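Topology and contacts: notes
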Amino acid sequence: MTERNSNESLEKRLQQLEEEISSLPEDEKRRVRYVSEKFGWEWNKDKEEGYVETPQDKIFFREYGLDFIRKGRDILVVGDRGLADTIRELLKDYKHVVKFFGTRPAANLALSVSRCGTIICNYGFDESGRKEDSFLSRVKKNNESISTMVVAGPEERIAGSMKGVDEILQGPLSESAKQAVEQINLRLIMHDVFQKKQEIQNRKTNIYKPQPTIPSNEYADLLKSTPKDLEEALSPSFDFGEEQPQPVAHAEAVYPGAASGKIYSNFRRAARAVAKGEKVIMYVSDLNNLNIGEIKMLRQAEGIIFEKYSSLSHHVIDFMSAGVPIIKMSSTSQDPKEFVFGEFALKEGKPISFDGLTGDIYACEYATKPAQFPPEHEKADSGRKPITDFEKTTHQCDEVLERRIRIMLNASDIKAMEDGRRFGVYEIGLVRTEDILKQKQANIEAYGAYLLTLLSIKSGKRCGRARSKMKRKFRRTQSSAFYDLMKYQEGKRIQIRLLDPPLNEFFDEAVIDEIASKLPSVEKEVAQKFKELVNNPQAQRELRGVGIARDYPEIYEAQIDALFSAWAKLQKEKKEGDKDIDLKIFIPYVHNPSEVEDIKTMAERLNNEKYGGMIRYDLGVTLETFGGTLTAHKMIEMGIRHFTFGTNDLFPMIDNADRNTQGEAYVERDGKLVIKNPAILEALKGCLQRMASAGVSREEYEVGISGEMNPVKLDSLAEIIPALDYVSASRPAQVPGLKLKLAQIYLSKYAGKPV
């Protein structure tokens with residue numbers, strides 16, 4: 001046959017196949033196109049540049065797709081584990097209909113399952129054509145019927161297979177065996193499957209997701225800005241009028257904003273001043289020695305001066321989220337009613353002002369003006385060009401970060417979510433459910449009453465009716481809040497973390513007495529035991545995060561039930577075109593995979609028994625402990641696909657420090673501040689590498705980072721920033737600074753080269 005006739009024959013066959021595909025029902029037609037084109041493209045895409053798919057290729061893959069649909073049968077892969085893994089990767093979107101037998105003895109099993117429509121194998125003969133095993137011999141012996149066999153492997157292996165098959169077809173066969181063998185439609189893929197296997201393996205063990213190349217020159221101006229410039233635009237400032245006063249002392253700036261009022265260290269006197277309508281600046285020597293009432297008082301202050309502080313303390317993070325300006329400065333006075341800052345001295349109750357951005361302290365009260373937030377991000381996105389330097393900077397940051405890393409937001413109320421959207425952040429990376437409790441005293445009391453009831457039962461008391469009542473009450477405090485948050489998101493992503501902080505952040509002895517007085521079924525010794533738990537540092541650690549589920553599983557069950565209830569209610573209210581709620585439930589403070597398995601089982605049981613399996617959700621894990629980072633890859637093997645590094649707990653733990661005292665977390669190296677302990681970066685890298693070796697493609701799971709983020713942390717972690725899917729900001733005003741620092745990391749370290 002001449003080349004021309006051969007080409008015409010191929011084109012004719014291809015045309016027949018296309019017509020056959022076109023005549024199929026629409027859904028089958030789509031499947032044929034998908035299976036054939038996906039399979040063909042994946043196998044050929046890595047050939048040298050300029051490769052054009054031949055008519056033979058097209059015919060093979062169209063026939064392959066038609067066979068897949070016509071037979072309605074599974075694909076059976078017979079071969080070594082490498083081939084099985086390769087095919088699984090290539091057809092991952094159809095893995096629910098593909099069976100794999102990845103060991104050599106599986107050839108015998110394959111031939112006993114002759115109902116399979118297609119068998120793909122990469123062995124049977126060596127390069128010389130010598131039979132290696134009994135695969136085709138079994139075909140000959142047992143009269144097995146196979147519709148299509150694909151031989152995949154290096155070219156020399158395929159050549160040997162062709163020679164061996166020819167020998168079998170031409171050799172002495174019984175008539176029945178000959179008929180069976182003649183039904184084999186042999187297809188050869190001239191492709192080095194082992195090279196493909198290695199590429200896939202590399203992709204699986206790489207901690208980085210594929211990313212576009214960073215532009216090298218387009219955004220040079222971004223490198224000249226600093227996050228502090230953006231913080232200044234987003235912080236309340238002084239309105240000094242025409243004459244700028246001179247500061248009388250200088251402190252360490254902690255959280256930006258202008259604060260002005262009368263200074264107090266005595267909380268009772270400060271509370272009386274607030275009751276009179278006065279503005280108060282609080283001086284605090286040690287945050288860890290304060291009770292719950294004094295912590296609440298600090299949230300009402302115009303500003304706080306800490307003698308010592310930890311930026312990772314839950315309470316300090318709460319103050320920052322509320323926008324309270326903070327500085328660090330020690331008074332040298334021995335008199336508790338007098339303050340001496342440097343050469344400046346003043347009595348308690350006298351006026352003072354400070355700037356939390358610069359650390360400057362002023363000798364009297366000054367008027368302040370609120371932060372000037374930029375115009376809403378949505379308006380800028382609608383086509384209007386950025387008009388201010390602030391807008392230009394943030395929009396350029398968005399362009400650099402697009403398709404590289406996402407910014408999410410920690411938010412536990414709709415106000416924070418609204419502010420986040422003004423900066424272009426619509427995904428919520430962390431809802432702290434403890435913050436929902438802290439929003440109302442009634443919520444804390446409901447939680448405390450439920451705990452007291454459970455503790456009574458654990459102590460041998462009979463409180464069945466009270467237990468059910470307290471559980472319903474606690475669940476309601478959660479469900480209504482979850483409903484509001486998820487409804488506001490309108491299908492946009494929201495990641496809700498189950499309860500985490502220790503009990504002493506909710507309760508002290510006075511609060512426990514108040515709650516117990518309303519529960520006649522709770523005896524005094526139970527209330528006393530609760531106080532001991534709250535005051536016991538060991539118990540505080542053990543009842544962190546998932547430790548709650550170990551001792552009091554009903555609490556997490558009630559929270560998950562509240563989440564499912566809110567999701568189901570929103571699903572019923574959904575209108576045509578509305579998105580489903582993208583709910584991700586995060587398990588905090590995990591030490592080992594068995595803890596995750598317990599919560600996974602709990603959620604599945606609740607979903608199936610109470611909601612008929614209708615709730616669509618994903619479980620995630622916050623990596624905040626040594627055990628969590630060392631075993632995250634095991635959690636991937638369990639099916640968990642969402643992770644975030646919780647830096648507020650994890651970093652001090654690696655550094656052998658207490659997050660409430662923290663100490664010096666940063667040091668200066670090469671002229672800039674960095675995380676003091678290099679082991680922190682190594683621990684995160686090690687965790688990411690173990691996760692990448694879990695046998696799941698990097699595109700199939702997510703890893704973010706959250707906590708009290710700042711430019712120093714991000715700079716110190718620059719090596720792994722491209723390995724992360726997102727960074728979650730602690731509060732809305734932090735978003736622009738984080739965007740800028742992340743953009744600068746990409747531009748300065750990865751410009752002009754792929755990650």
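These figures come from a predicted structure and were not determined experimentally. Here the residue numbering is sequential within each chain, running from 1 through the sequence in written order. pLDDT decides what is reported in this predicted model: residues at 70 or higher carry local features, side-chain atom pairs at 80 or more are listed and counted, and totals for whole chains, interfaces and linings draw on all residues regardless. As a convention, hydrogens and water are excluded, and side-chain values are obtained from all of the structure's heavy atoms.

**Description of the environment of Ser594**
A run of H or I in DSSP counts as a helix once it spans at least four residues, and a run of E counts as a strand once it spans at least two, with each numbered from the N terminus. By the element assignment, Ser594 lies in helix H25 (residues 593-611). Taking the C-alpha atoms as reference points, Ser594 and Met635, separated by 41 residues in sequence, lie 9.0 Å from one another.

**Some words on the nonpolar core**
Take the buried Ala, Val, Leu, Ile, Met, Phe, Trp, Tyr and Cys residues and link them wherever side-chain atoms come within 4.5 Å; each set so joined is a nonpolar core. Each residue is assigned to one of three classes by its accessible area relative to the maximum for its type, calculated with a 1.4 Å probe on protein chains only: buried under 20%, partly exposed between the two thresholds, exposed over 50%. Among the nonpolar cores identified, the biggest contains 128 residues, and Tyr447, Met486, Phe507, Ile555, Tyr556 and Phe645 are the most heavily contacted of them. Ranked by residue count, the leading element in this core is helix H24 (residues 553-573), at eleven residues. Note on contacts: a residue pair qualifies if any of its non-hydrogen atoms lie within 4.5 Å across the two residues. Sequence-distant contacts of Phe507, that is, excluding residues within four places in its chain, are made with Ile292, Ile444, Tyr447, Gly448, Leu451, Ile512, Ile515, Phe530 and Val534. Counting 22 residues, the second largest nonpolar core, distinct from the first, contains Val254, Tyr255, Ala301 and Val316.

**Observations regarding the packing of helix H11 (residues 267-275) against helix H12 (residues 292-299)**
Helix axes use the C-alpha atoms of the stretch in contact, all axes being lines fitted to C-alpha atoms, and the angles between their N-to-C directions lie in the range 0 to 180 degrees. Here H11 crosses H12 at 45°, and the two axes come no closer than 11 Å. When the interaxial angle is binned, H11 and H12 end up oblique. Like other packed secondary-structure pairs, H11 and H12 cross with a definite hand, here left-handed. Across from Phe267, Ala270, Ala271 and Val274 in H11, the residues of H12 making contact are Glu294, Met297 and Leu298. Looking at the contact of H11 with H12 residue by residue, the classes come out as six nonpolar, no polar and one charged. Here the angle decides the label: under 35 degrees means roughly parallel, over 145 means roughly antiparallel, 65 to 115 means roughly perpendicular, and every other value means oblique. Here is the rule for handedness: rotate from the far helix to the near one, and if that takes an anticlockwise turn smaller than a right angle the crossing is left-handed, while a clockwise turn gives right-handed. Throughout this entry, Asp, Glu, Lys and Arg are counted as charged residues, while Ala, Val, Leu, Ile, Met, Phe, Trp, Tyr, Cys and Pro are counted as nonpolar. The remaining residues, Gly among them, count as polar.

**Quick look at the side chain of Arg731**
Turning to its location among the elements, Arg731 is positioned in the loop between strand E27 (726-729) and helix H30 (735-750). Pairs of N or O atoms are called polar contacts if they sit within 3.5 Å, as long as, within protein, a hydrogen donor faces a hydrogen acceptor (for residues adjacent in sequence, only side-chain-to-side-chain pairs). A polar atom in the side chain of Arg731 sits 3.3 Å from the side chain of Tyr255. Setting aside chain neighbours within four positions, we find Arg731 in contact with Tyr255, Met320, Ser321, Leu409 and Glu708.

**A closer look at the pairing of E27**
Neither face of E27 is exposed, since Tyr726 and Ser728 on one face and Val727 and Ala729 on the opposite face are all buried. Pairing analysis gives four bridges linking strand E18 (residues 406-410) to E27, with the strands arranged parallel. Looking at the pairing, Met408 lines up with Ser728 of E27. Note on pairing: two strands pair once DSSP finds at least 2 bridges between them. Bridge count for strand E26 (residues 702-706) against E27 is two bridges, and the pairing is parallel. Residue Ile705 lies in a different strand from E27, and its bridge partner there is Val727. Handedness of the crossover is the feature at issue here: the chain leaves E26, passes through helix H29 (residues 711-716), returns alongside E27, and the resulting connection is right-handed. A crossover counts as right-handed when, viewed with the strands pointing away from the observer, the path leading from the first strand over the helix to the second turns clockwise.

**Observations regarding the sheet that holds strand E20 (residues 494-497)**
One closed barrel accounts for eight strands, arranged E18-E19-E20-E21-E22-E23-E26-E27; its pairing is parallel. Adjacent strand axes in the sheet meet at a mean angle of 25° when their direction is disregarded. With three bridges connecting them, strand E19 (residues 428-432) and E20 associate as parallel partners. Looking across to E20, one finds that Ile428 is bridged to Ile494.

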